[in-house]
Every structure is written in structure tokens, then in C-alpha cells.
Amino acid sequence: MIVNFWVTLGIKMALVLGVMLVGALVSIFGELKISAHMQSRIGPYFAGGRWGWAQPLADGLKFIQKEEIIPDTVDVRVFKLAPYVVLMGTMAIYVVIPFGPDMVAGNLDLGVFYVLAISSISTVGVLMAGWSSGNKYSLMGGLRAAAQLIAYELPLVLAVVGVVILAGTLSLNGIVEAQAQWQWFGVTPEWLNVIPPYLILQAVGFAIFLTASLAELSRTPFDMPIAESELVMGYLTEYSGLRFTMFFLGEYAGMVALAAIASTLFLGGYWLPFVSDDLLNFIGPVVLITKIALLVFLFIWMRWTFPRLREDQLQQLAWRILIPVALANIVVTAVLKVVF
Amino acid sequence: MFEQYVQDYTTVAAFAFLGLFLVGAGVGLSKVVRPHNPTPTKNSPYECGVDPVGTGWSQTHIRYYIFALLFLIFDVEAVFIFPWAVQLETIGMFALVEMLIFIMILIAGLVYAIRKGVLKWE
């Protein structure tokens, strides 16, 4: 039994590591290509022969060979530790993402809550990076990042509460099953739930969740922490070589992870109608990955659609609009749940 | 039950370790391949190519500390809201009214903070 557990754990770790790395590389490639086409460029073209598909790999290989410059002024220990903390937080999110009824590394009872808690660990890593660099840009960037991440953590958490109220469970598998079994006024046929019920009932929550995840990922329009035109690269300014790559990888792995959480919570996750649980273990990952790809495309699209927000506008958006709206969403959902 | 609990959190620990290992392996591999050739100029902190002025830990106005305080209040609230959200269906009306009062108090706090002007930057 115990031996069995360790073997399964090894397989799970290998699979999830593969999903994470491939997901991150594909998102990086998607970012390069989609950005290029949205700006009437061609983008990467040569690496790998066709469409330049090997560009992210080539970048990675090149980064490995690059000298790592650690300036004299940095606090070396903290500086070196920061990427570990960031990637540890991102990796730990993947534990609870359900790819199928049994295709989940660990179906924690605390599911959603665990995701929200563990994803804030990366904030500590970012603040460590900004502070330890001994550079003015890094310090400003690190502080901005910390302020932004905590401000948008709240709408993110509060937007999820609506889903938890409807599903009545915190486990991510439980939430997917609740969406599969959702009944409109008690009579809905199963196939209708292909249109995700929570996308309609929690449309406000979904919008808030997406906005807040963009901010949590520090992507444009919320990329004040690494605003190139004023802070060079923010908290990443002094990083070079492979440590920089690790931050970069963590960012895209985080994007895939948050997209997966959003698809699970609001878009029905791995579920398809008329498919037995056994078959869902094979088809589920494909369904989920399609949804993730859609959301990642949306994230990239938004980058080329919205201009960057100023720092105080950014805080105003979180505290004045998103948090009150999220609270209102909770109240309305709770009232409807109790009344009906 | 307890065994399941231990297994779940062993998985979590294993994945966190996998994250650490990934960075460690990458950095270790790169250490073998990459050149290492520091010079004093190369090792000076980056300030757009000019010699750095003062130290990197310059005095900064941390306007954000007030957000940290607000965050603390709301984050604790979120911790209370989750168990309530799970149990709402079983407890029903009583829980609903209770939580409405709780949220009202918090909104009053947020409105007070906004009216006090903590979000305004001059």
C-alpha cells in the first residue's frame, strides 16, 4: 500500500512536471506568435524549421549558457533564494488541479482555499527579489508588486466564494461534479450543462476572477511592477542567466495554473455529458487543456488591447470597484441560494 | 481517513520540493556550462549605464503600508467567509442574516477608509 503510494506519487510528479513545462513553453510560444500577429509581424520564424516552434526551447538553452552576474550590492543569500520561493509556490498550485475524476495529484478537501493560500507564497518571493537586489528600480518594483498582489488577492478570493456557495464544497473535484449535476429549476437535462452553469450564474464572479488573475500575474494592463519604460524590469532588473529564466518560467507556469483554476471553477473543468467516469479520465485532460488554452489566449489578447494603468488607478480599481462588487456578488448569490 | 490526510499533504510537500528541485537542477546545470568572469564594472548595480548614485536601499515612501493594513482585515474576513459558504445550505436563513451583518460592518469600514482619503494620492 505504502510502496504503491510512493510509486503513484512519482508518476504524478512526472506527469504534472511535464504538463507544467510543456504548458509554460507553449504559452511562451503562443505569446510570441500571437503578439506578433496582433502587431502585423510574423514573429519567430527560423528556430525548429516550421513556424519557429522551437523558439522557447532555443531561448532556454541559450539562457543556460549565459553568465550569471550577481552585483556587489545584493544581499546574496536572499537574492539566490527568491526564484526558489516563486517556483515552489507555483508548482504547489498544480497539486489540486483535476484533469479528470481520478486524474488529480491530491484531491484536498480544502481545494480552492489551498490554491488561494499557496499562490500568495510567490508574493514573498517577489518581495525578496525586489528587496535583496540593492537596486532602486528593483526596490520600487518589488514594493509595487507586493502592493498590487495583496490588493488583487482580495477580489480573487471573494470572487471564488460565490462558486463555493453554489457548489457547497471546497474540493475542486467536488466543484466540477456540482457543475455537472446542476439543475435549472430541478428539471434540466444533463447535456445542457455543457454550457457551464456557473459561467451564467457567476458571470460577475468570473469577470472579477479574470481581472484579478491578470493583476496577480502582473500582466498588462496591470504590469506596473515591471513597467519597462520607467522601472527597466522592476524586481527582475538585477537577475540574469538561469535565475531570470526561472522567474520567467514561473510567470508562464502561473498563467497556466490560474487559467486551469478558472476553467475548473467557472467553466466546468474536465466534464463532458454522456461520458462515463472511466472515459473521462482519458478525455477530461483534453477538455480541460482546451479551456486552459482559450483562457491563456484571452490573457494574451488583453495584453495587446488595454493600456497600462497608473499605480493609483490600479489600487482604486481594486478597492473601490472590484472588492465592493465582489461582496455584492456574494450577498446576491447567498440570498438566491437560501431563498430558492 | 487520517492516512488519506497524511498522503494528501505528503503530495503537497513533494510538489513544493519538486519546485525547489527544478530551480536547483537548472541552476546546477547552468553552473557547469556558463562562463564565470566577474569584473568590478560588471558587478556594479544597474542604473541605466551611469555610475550608481547612493545605495540601492534608498529612502522610499511606502505609501502601500495602509493597503497592507486594509488587506489584513479583509483577508481575515475571507477566512471566515469560506466555512460559512460551504455550510450555508444546511444552516440556511440564520447564517445568511448573520453574514449580511458581518459584511455590512466590513463595507462600513471600507467606506470609512475611502472617505478618509487613504486611496487618494496627492
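Cut-offs used in this document
- Residues numbered from 1 in each chain as written.
- Chains lettered and ligands numbered in written order.
- Predicted model: local features only at pLDDT ≥ 70, side-chain atom pairs only at ≥ 80, totals over all residues.
- Heavy atoms only, no water.
- Helix = DSSP H or I, 4+ residues; strand = E, 2+ residues; numbered from the N terminus.
- Rg over C-alpha atoms; globule rule 2.2 N^0.38 Å.
- Buried < 20%, exposed > 50% of the residue type's maximum accessible area, 1.4 Å probe, protein only.
- Contact = heavy atoms within 4.5 Å.
- Areas by Shrake-Rupley, 256 points an atom, 1.4 Å probe, with all protein chains shown as cover.
- Lys, Arg positive; Asp, Glu negative; His and termini not counted.
- Charge placed at Lys NZ, Arg CZ, Asp CG, Glu CD.
- Expected span 1.5 Å × (residues − 1).
- Buried area = accessible area lost by both parts, 1.4 Å probe.
- Salt bridge = Lys/Arg side-chain N within 4 Å of Asp/Glu carboxyl O.
- pLDDT = per-residue confidence, 0-100.

Colleague: Got a minute to help me understand the overall build of chain A in this structure?
Modeller: Summing up its helical and strand segments, chain A has 13 helices and zero strands in all. Its helices and strands taken in sequence order, chain A reads α-α-α-α-α-α-α-α-α-α-α-α-α from the N to the C terminus. The globule rule puts the C-alpha radius of gyration for 340 residues at 20 Å, and the 21 Å found for chain A is close to it. Its C-alpha atoms put chain A at 65 × 50 × 45 Å along the principal axes. Burial status across chain A gives 59% buried among its 340 residues. A separation threshold of at least 6 residues defines the contact pool for chain A, and within that pool the share at least 24 residues apart is 77%. Accessible surface, chain A as shown: approximately 13700 Å² in total, 71% of it carbon and sulfur. One finds the centroid of the 18 positive side-chain charges in chain A at a distance of 7 Å from the centroid of its 21 negative side-chain charges.

Colleague: Explain helix α9 (residues 203-216) of chain A here, please?
Modeller: Each turn of an α-helix holds 3.6 residues, which means side chains three or four residues apart point in the same direction. All names here are of chain A. Compared with an ideal rise of 1.5 Å per residue, which puts 14 residues at 20 Å, α9 spans 20 Å between its outermost C-alpha atoms and is within 8% of the ideal. Of the positions making up α9, those classed as buried are Gly205, Phe206, Ile208, Phe209, Leu210, Ala212, Ser213, Leu214, Ala215 and Glu216. Along its buried surface, α9 packs onto α6 (136-167), α8 (197-201), α11 (241-266), α12 (277-303) and α13 (311-339). Looking one or two residues beyond α9, the residue adopting positive phi is Ser218, at roughly 55°.

Colleague: Would you mind going over the interface of chain B and chain A with me for this structure?
Modeller: Often, the extent of an interface is quoted as the loss of accessible area upon association of its parts. The partner chain A presents 82 residues to the 71 residues of chain B that form the contact. Counting each side, the surface lost to burial between chain B and chain A is near 6800 Å², with a carbon and sulfur contribution of 77%. In terms of surface lost to chain A, no three residues of chain B exceed Phe15, Trp57 and Phe82 of chain B, which account for 12% of the buried area on that side. On the surface where chain B and chain A come into contact, there are one salt bridge.

Colleague: Looking at this model, I keep getting lost on the confidence of the model for chain A. Mind explaining?
Modeller: A low pLDDT score tells you not to read the predicted coordinates there in detail. Of the residues in chain A, 96% have a pLDDT of 70 or more, and the chain-wide mean is 83. Considering each helix and strand of chain A separately, the mean pLDDT is smallest for helix α10 (residues 228-231) of chain A, with a value of 71, and largest for α9 of chain A, with 89.

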